[in-house]
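# Architecture at a glance
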Amino acid sequence: MRKSLQRAIAGALLALGASSVLPALAQAAPNEQFVPLATYRVGPYASSGIPWWAGTIDYLRYVNEVEGGINGVKIAWEECETEWSTDRIVECYERFKNGRDGAPVAFFLTHSTPASYALMDKGAADKLPLIDPAGGRTESTDGSVFPYAFPLLLTYYGQASVGINYIAQREGGLDKLRGKKIATVYHDSPYGRETQAAIELLAQKYGFENIQIPVAHPGNEQSVQWRQVRQAKPDWVFLRTWGVSTPVALKTAARFGFPAERIIGDVWAGSEADVIPAGAAAKGYQALAPFPGGDGFAIHQRLREQILDKGKSDLKDPSYFGKVYYNIGLVNAAIVVEALRAGQAKFGNRPLNGEEGRWAFEHLKVDEARLAQIGFAGLLQPLQVSCADHEGGGAARVQQWDGEKWTLVSDWVQADRDTLRPLIEAKSAAYAKEKGIVPRDCRVEQ
């Protein structure tokens, strides 16, 4: 779930003017690769959507205009304004699942865990990959059961494990977790509850006390929850809130005397929209960052020279260049471009369809050398996806808010994937039984 309701950010972004919410269109042709974009530039989630989609479109435009496309194949895109409504995302999927004007579609970016759930059966039936980096259905990382779903980069189980491993680093080692208290303050929704099984498993393995404290939607009053935190006296809090509930959590934590430096936010509680409205209460707060903020990466210099300085950016307010949500858009666009490149190596330098797109994502490999070539070293982790592993990364860095900007305070922290895998396979097996799915033999597929 990715909502941002903070008035300060929303007001600034809405002030960008009507031009910021107009759909970006590219004329499609049969020899082009069509990419539908289920955007949310208006409505309550525009504060995250406007910079997010600007980052995506800026990178696609850069690939087209500076690199001449992907091996000469240009990218065409069209937006569906969804306001982050699951029903509208599904409508967008149905509208464009067969491509446009003869240009085929190779994948669909859901960018919504509820939409990923809603489209799971449709994507499999239509043989169209559903791409939801750092979101989606956790067990769909098992490609033997979910061939057309890709929760790339870092699943929710992975996020829980990275958070615990980072806390262990701060405490001096995994053995130092025994006897510690770790509270999870979570949005009481399928998104917020997604990590519970993983944290319970990790608590059993490492011996820490697992305290779970729900926050009812929308989370604009949390005195009861943070009073529980004060009474429990945890060593750390893992914050899995969303939208308005994140700055409210930080402000309430400060009011109850819990230090921001001992709070670790998950991926979707770590943007400027989460901390600016909290003011001084957010200073020192840390969050997982598979998409860190900052405009000092090589790709930013290239985009500044070739896109922004030439007046071609989709981002109307340049102050959001390099902010977390803009960088999320860049990372997601880079992943799909590299997957299409991998698919072309197999099927030829031409547009790909959905089934070819599945093969492409299952053979996506982006190593450190390739990251340096495309300007994403440090911004995107190395990825290697396979039939059995639709996550491919399983790591995040940690960033800390200094009151004005995010600063990276860790290297890549890896999830304990070996520990999590049996839990994932048990859930995917249950899904396969429910749906009557015969799992693929990934040894043969790969």
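Look up a bit, the structure's there.
Calculation criteria
- Residues numbered from 1 in each chain as written.
- Predicted model: local features only at pLDDT ≥ 70, side-chain atom pairs only at ≥ 80, totals over all residues.
- Heavy atoms only, no water.
- Helix = DSSP H or I, 4+ residues; strand = E, 2+ residues; numbered from the N terminus.
- Rg over C-alpha atoms; globule rule 2.2 N^0.38 Å.
- Buried < 20%, exposed > 50% of the residue type's maximum accessible area, 1.4 Å probe, protein only.
- Contact = heavy atoms within 4.5 Å.
- Areas by Shrake-Rupley, 256 points an atom, 1.4 Å probe, with all protein chains shown as cover.
- Lys, Arg positive; Asp, Glu negative; His and termini not counted.
- Charge placed at Lys NZ, Arg CZ, Asp CG, Glu CD.
- Pairing = 2+ DSSP bridges.
- Right-handed = clockwise from strand over helix to strand, strands pointing away.
- Axes fitted to C-alpha atoms, helices over the stretch in contact; angles between N-to-C directions.
- Parallel < 35°, antiparallel > 145°, perpendicular 65-115°, else oblique.
- Nonpolar A, V, L, I, M, F, W, Y, C, P; charged D, E, K, R; others polar.
- Phe/Tyr/Trp six-rings, centres within 6.5 Å; stacked < 30°, edge-to-face > 60°.
- Lys NZ or Arg CZ within 6 Å of the ring centre and 35° of its normal.

Another aspect to go through is the overall build of the protein chain. Looking only at helices and strands, the protein chain has 16 helices and 15 strands in total. Taken over the C-alpha trace, the protein chain has a radius of gyration of 21 Å; the compact-globule value for 446 residues is 22 Å, and the two agree within 12%. Overall, the C-alpha framework of the protein chain stretches about 65 × 50 × 40 Å when taken along its three principal axes. The buried share of the protein chain, reckoned over its 446 residues, is 61%. Considering only contacts within the protein chain whose residues lie at least 6 apart along the sequence, 72% involve residues at least 24 apart. Total accessible area on the protein chain stands at roughly 16,100 Å², and carbon and sulfur atoms take up 49% of it. One finds the centroid of the 49 positive side-chain charges in the protein chain at a distance of 3 Å from the centroid of its 51 negative side-chain charges.

As a further point, take the pairing of strand β8 (residues 236-240). Among the 5 residues in β8, 5 count as buried, and that is most of the element. Alternating residues of β8 divide into Trp236, Phe238 and Arg240 and Val237 and Leu239, and every residue in both groups is buried. Here 5 bridges tie strand β6 (residues 181-187) to β8, and the two strands are oriented parallel to one another. Residue Thr184 lies in a different strand from β8, and its bridge partner there is Phe238. Where β8 and strand β9 (residues 263-265) come together, 3 bridges link them in parallel fashion. Looking at the pairing, Phe238 lines up with Ile264 of β9. Considered for its hand, the β-α-β crossover made up of β8, helix α9 (residues 245-255) and β9 is right-handed.

Take the packing of helix α12 (residues 324-347) against helix α13 (residues 354-362) next. Following both chains from N to C, one finds α12 and α13 inclined at 105°, their axes separated by 8 Å at the closest point. Accordingly, the angle class assigned to the pair α12 and α13 is roughly perpendicular. Together, Ile335, Val336, Ala339, Ala342, Gly343, Lys346 and Phe347 of α12 and Glu356, Trp359, Ala360 and Phe361 of α13 make up the contact between the two elements. Taken together, the residues of the contact of α12 with α13 sort by class into 8 nonpolar, 1 polar and 2 charged.

Following the criterion strictly, the structure yields 21 aromatic pairs and no others. With 5.6 Å between their ring centres and 80° between their planes, Phe347 and Trp359 make a pair best called edge-to-face. In this pair, Phe347 sits in helix α12 while Trp359 sits in helix α13, placing the two residues 12 residues apart along the sequence. Trp359 sits in the partly exposed class, given a relative accessible area of 21%. Through a chain of ring-to-ring contacts, the aromatic side chains of Tyr40, Trp52, Trp53, Trp268, Phe291 and Tyr325 assemble into a single cluster. One cation-aromatic arrangement involves Arg262 over Trp236; the distance from NZ or CZ to the ring centre is 3.8 Å. The ring of Trp412 is capped by Arg397, whose NZ or CZ atom sits 5.8 Å from the centre of that ring.

Shape is all these values report; function is a separate question.
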